[in-house]
Amino acid sequence: MTADLNSYLFVGAVLFVCGVVCMATKRNGIGVLMGVELVLNGANVNFVAFSRFTDLGLDGQVFSLFVIVLAAAEAAVALAIALNFYNNFLTIDVDRANKLKG
Amino acid sequence: MNGESFLFTVFALATCLSALAVVFSQTVVRMAFWLIIALGSTSALFFLANADFVGAAQLLIYVGGTLVLLVFGVMLTASGPYLKITTSSGEIVMGSCVGLLFLLVVFASLNGVKWRDPSPETITAASHVVSTGNTLRPLGLSLLGSRPDKDSTTDGDTLSPGYLLPFEIVSVHLLVVLIGAAYLARAKRRAEC
């Protein structure tokens, strides 16, 4: 497989789809967060590939740095929320988060 | 097949197979392990695409920071050794079918676009920064607000804006997020009831 733009984009697509399926099907809350990390990494692979193969240049890499920083911030807050949920309900199963059900 | 193609094939396969293993793992600890492999291989792909600083930042921040935080979360919310939250096999089949359809749609759309090749004048100046992988100083300068790689190609006397404003915004955002997460995850006094 040659290292051209479409191959990188395919890797980014696989990462993205795996992340979305992970977010949609996992019952563990931490598993959903891992899906979010996969989605963001798929986007990062896309950014870096376009930076390398088109005249996006340095902008793609700056954007991917911002994506990394924001993903770390979001993982911290999401884990704090997950910890609070576990401390209150003694389970991390997202199917049990139905207190607000109408 | 030259070295770059071989290395790209190896790391692309490692990334894709690890991401699939994350989806299909049944315990969350194994998911964390496969996620570490997937993100490490993604970092190798970044190094192959001449994004040296982004690859190093991925290893430092993602693998060394965010994933360690996720493993902390896994260990703090472990619900006992005999209780496994599993998905039924019907849900696995349906999830795989939907995922495969989604992947086919994305793959067809990205193959159907003719991506623009870099124009010759930007090849000489702007993307020669990216073509060697020595991106640390241009990245640092662009985050400080100056873009010497773009200003040397434009022949007006307008300076290209850097990324100083997003940098400041992200810095304040990180501060707010850290304070918020530390407050949310504080040790609470047990309620007397």
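Everything numeric in this text was worked out from a predicted model, so none of it was measured. Chains are numbered independently. Their residues run from 1 in the order of the written sequence. Each chain takes a letter, starting from A, and each ligand takes a number, starting from 1, following the order in which they are written. Under the rules for a predicted model, residues below a pLDDT of 70 receive no local features and side-chain atom pairs below 80 are neither given nor counted, while totals for whole chains, interfaces and linings still include all residues.

1. Section: the domain arrangement of chain B
One can read the domain layout of chain B as domain 1 (1-78) and domain 2 (134-186). Its C-alpha centre places domain 1 of chain B at a distance of 25 Å from the equivalent point of domain 2 of chain B. Domain delimitation in this document rests on an assignment produced automatically or drawn from a domain database.

2. Considerations on the interface of chain A and chain B
Tallying the contact residues gives 62 residues for chain A and 71 residues for chain B. Every helix listed is a DSSP run of H or I at least four residues long, and every strand listed is a run of E at least two residues long, numbered separately from the N terminus. Elements supplying a minimum of two residues to the side of chain A that touches chain B: helix 1 (5-25), helix 2 (29-53) and helix 3 (58-89) of chain A. At 22 residues, helix 3 of chain A tops the list of elements feeding residues into the side of chain A that touches chain B. Working definition of a contact: two residues with C-beta atoms, positioned from the backbone, lying within 7 Å.

3. A few points about helix 1 (residues 3-24) of chain B
A helix's residues, less one, multiplied by 1.5 Å, set its expected span. Here helix 1 of chain B is 22 residues long and its end C-alpha atoms lie 31 Å apart, about the 32 Å a rise of 1.5 Å per residue gives. Exposure classification rests on a simple neighbour count of other C-beta atoms within 10 Å of a residue's own: a residue reaching 20 or more is buried, one at 12 or fewer is exposed, and one in between is partly exposed. C-beta atoms are placed from the backbone. Those residues of helix 1 of chain B that sit buried are Phe-8, Phe-11, Ala-12, Thr-15, Ser-18, Ala-19, Val-22 and Val-23 of chain B. Seen from one end, helix 1 of chain B has its buried residues packed into an arc of 145°, which puts them on one side. When the buried face of helix 1 of chain B is taken as reference, the exposed residues oriented beyond 90 degrees from it are Gly-3 and Phe-6 of chain B. In the core, the buried residues of helix 1 of chain B are packed alongside helix 1 and helix 2 of chain A together with helix 2 (28-48) of chain B. What the arc covers is the set of directions going from the helix axis to the C-beta atoms.

4. Things to note about the environment of Thr-2 of chain A
With respect to the element layout, Thr-2 of chain A can be found in the segment before helix 1. Leave out the neighbours within four places in its chain, and Thr-2 of chain A touches Ser-7 of chain A together with Ser-5 of chain B.

5. As for the packing of helix 1 of chain A against helix 2 of chain A
Residues and elements named next belong to chain A. Here an angle of 0 to 180 degrees is reported between the N-to-C directions of two axes, which are lines fitted to C-alpha atoms, with helices fitted over the stretch in contact. Running from N to C, helix 1 and helix 2 point in directions that differ by 165°, and their axes come no closer than 7 Å. As the angle between them shows, helix 1 and helix 2 are arranged roughly antiparallel. When the axes of helix 1 and helix 2 are compared, the crossing they make is left-handed. Considering only residue class, the contact of helix 1 with helix 2 consists of 19 nonpolar, seven polar and no charged. By the definition adopted for this analysis, an angle is roughly parallel if under 35 degrees, roughly antiparallel if over 145, roughly perpendicular if from 65 to 115, and oblique otherwise. When the near helix sits turned anticlockwise from the far one by under a right angle, the crossing is termed left-handed; a clockwise turn instead gives a right-handed crossing. Here the term charged refers only to Asp, Glu, Lys and Arg, the term nonpolar to Ala, Val, Leu, Ile, Met, Phe, Trp, Tyr, Cys and Pro, and the term polar to all other amino acids, Gly among them.

6. A short note on the environment of Leu-100 of chain B
All names here are of chain B. Structurally, Leu-100 is set in helix 4 (residues 89-111). Using a count of 12 C-beta atoms within 10 Å as the deciding quantity, one classes Leu-100 as exposed. In sequence terms Leu-100 and Gly-64 are 36 residues apart; their C-alpha atoms lie 31 Å from each other.

7. Some thoughts on the nonpolar core
For our purposes the nonpolar core covers buried Ala, Val, Leu, Ile, Met, Phe, Trp, Tyr and Cys residues that link as a set through C-beta atoms within 7 Å. Ranked by internal contacts, the top residues of the largest apolar core, which has 64 residues, are Cys-18 and Met-34 of chain A together with Val-22 of chain B. For this core, the secondary structure elements donating two or more residues are helix 1, helix 2 and helix 3 of chain A together with helix 1, helix 2 and helix 3 (52-76) of chain B. Formed jointly, this core draws a minimum of three residues from each of two domains, domain 1 (1-78) and domain 2 (134-186) of chain B.

8. A look at the packing of helix 2 of chain A against helix 2 of chain B
Where helix 2 of chain A contacts helix 2 of chain B, the axes come no closer than 11 Å and their chain directions differ by 10°. Considering the angle they form, helix 2 of chain A stands roughly parallel to helix 2 of chain B. Along the contact surface, helix 2 of chain A presents Ile-30, Gly-31, Met-34, Glu-37, Asn-41, Val-45 and Val-48 of chain A, while helix 2 of chain B presents Val-28, Met-31, Leu-35, Leu-39, Thr-42, Leu-45 and Phe-46 of chain B. Looking at the contact of helix 2 of chain A with helix 2 of chain B, its residues break down into 10 nonpolar, three polar and one charged.

9. Side note on unusual backbone geometry
Most of the time, phi is negative for any residue but glycine, and the peptide bond is trans. All names here are of chain A. Of note, Leu-90 is a non-glycine position whose phi angle comes to about 60°, a positive value. Take Leu-90: it is sitting in the segment after helix 3. Judged by local crowding, Leu-90 falls into the exposed class, with 10 C-beta atoms found within 10 Å.

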